[in-house]
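So the chains spell out like this:
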Amino acid sequence: RTNASPRGFLRMWDGTGPPISDPLPAASSAASDAIRDGDPPSRALSSIASIVERIHAETAGNTTGKESSDITMTPPKSLCGRVINVAIWEKPQWDLITSSHDSISIGKFIRLRNVNEECLPSSGLRCLMVHKLSSLTPLPDRVFEVRALLEGHHARILRKEQYNPQSGVLPLLTGQSDADIDSAHTNTTVSREDLGE
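In short, a report on the structure. (Residues numbered from 1 in each chain as written. Predicted model: local features only at pLDDT ≥ 70, side-chain atom pairs only at ≥ 80, totals over all residues. Heavy atoms only, no water.)

### Quick notes on the overall build of the protein chain
From N to C terminus, the protein chain includes 5 helices and 6 strands. Listing every helix and strand of the protein chain by position from the N terminus yields β-α-α-β-α-β-β-β-β-α-α. The buried share of the protein chain, taken over its 197 residues, is 38%. Sequence-distant contacts in the protein chain: of pairs separated by 6 or more residues, those separated by 24 or more amount to 78%. Approximately 11,000 Å² of the protein chain is accessible, and the part contributed by carbon and sulfur atoms is 53%. (Helix = DSSP H or I, 4+ residues; strand = E, 2+ residues; numbered from the N terminus. Buried < 20%, exposed > 50% of the residue type's maximum accessible area, 1.4 Å probe, protein only. Contact = heavy atoms within 4.5 Å. Areas by Shrake-Rupley, 256 points an atom, 1.4 Å probe, with all protein chains shown as cover.)

Written as structure tokens, this is what we have:
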């Protein structure tokens, strides 16, 4: 590693951006294997589905009116939005990522603060740059930012916005057919029936 190369990269889903995935930051079999099951992968969709189901259960059992929402989310079958590269330059942030197997992993949300959007000096690839003044914080599933992002994503699906064609799909659940998943992955819209409405 040189001072001109980051310690490593994260691939992050941005549920608010255009439906594209940025190019991989490194050409290697490990990088290709990381997106073999979609970008973001199906494991991320399974994690998002679990979070959505917990939010729905908490909202359904809410009798005080707190945290109520007009949006009844259903787990997405595929994802809209951009997948971006995040370059990690500093050892403390990279150590946090590589040592925390549970809090920073596929399908977990993190907050980035004080990052810059720049191009890598070696390749010109656009990345968010996490440097010594940046903050990288794992987020619990129940915080406002996670819920707001997922509600915003659900609203995109209801508006029939295009899915990211690179996105993995939610794995089959008991009672679903392959056609359900094919429909979610290849269509650019989702019907109300697909959403369980």
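### A short note on the side chain of Ser78
Mapped onto the fold, Ser78 is located in the loop between α2 (42-60) and β2 (82-88). A polar side-chain atom of Ser78 sits 3.3 Å from a polar atom in the side chain of Ser167. Of note is the side chain of Ser78, whose polar atom sits 3.4 Å from the backbone oxygen of Gly168. (Polar contact = N/O pair within 3.5 Å; in protein donor to acceptor, adjacent residues only side chain to side chain.)

### A closer look at α2
In this model, α2 (19 residues) spans 27 Å end to end at C-alpha, consistent with the 27 Å of a helix rising 1.5 Å per residue. Where α2 is concerned, the buried positions are Ser42, Ala44, Leu45, Ser47, Ile48, Ala49, Ile51, Val52 and Ile55. (Expected span 1.5 Å × (residues − 1).)

### Some details on the layout of surface pockets
Leftover empty space is mapped by rolling, across the atoms, a probe with the size of a water molecule. In this structure, the largest pocket encloses a volume near 1,200 Å³. Forming the walls of the largest pocket are 43 residues, and the residues nearest its centre are Leu10, Arg11, Met12, Trp13 and Ser105. Elements with a contribution of two residues or more to the lining of the largest pocket: β1 (8-14), α1 (29-34), α2, β2, α3 (91-99), β3 (110-113) and α4 (144-158). Tallying contributions element by element places β1 first for the lining of the largest pocket, with 6 residues. (1 Å grid on protein atoms, 1.4 Å probe; cavity = no way out; pocket = protein on both sides within 12 Å on 5 of 7 lines; lining within 4 Å. Points joined across faces, edges and corners; volume = space filled by probe spheres on them.)

### What to know about empty space enclosed by the protein
With the rule as written, the count across this model stands at 1 cavity of 30 Å³ or more. Reported here for the largest cavity is a volume of approximately 40 Å³. Listing elements by their share of the lining of the largest cavity, those giving two or more residues are α2 and α4. If you tally residues by element for the lining of the largest cavity, the top one is α4, at 4 residues. By residue class, the composition of the lining of the largest cavity is 6 nonpolar, 3 polar and no charged. (Nonpolar A, V, L, I, M, F, W, Y, C, P; charged D, E, K, R; others polar.)

### Some words on the environment of Arg43
Tracing the backbone through its elements, the reader meets Arg43 in helix α2. For the pair Arg43 and Leu170, spaced 127 residues apart in sequence, the C-alpha to C-alpha distance is 7.9 Å. Look past the residues within four positions of Arg43 in its chain and what remains in contact with it is Asp37 and Ile106.

### Some details on the environment of Ser123
Residue position: Ser123 is located in the loop between β4 (116-119) and β5 (126-130). Counting along the chain gives 98 residues from Ser123 to Pro25, while the straight-line C-alpha distance between them is 8.6 Å. Engagement of the side chain of Ser123 in a polar contact is seen with the backbone nitrogen of Leu125, the distance being 3.3 Å.

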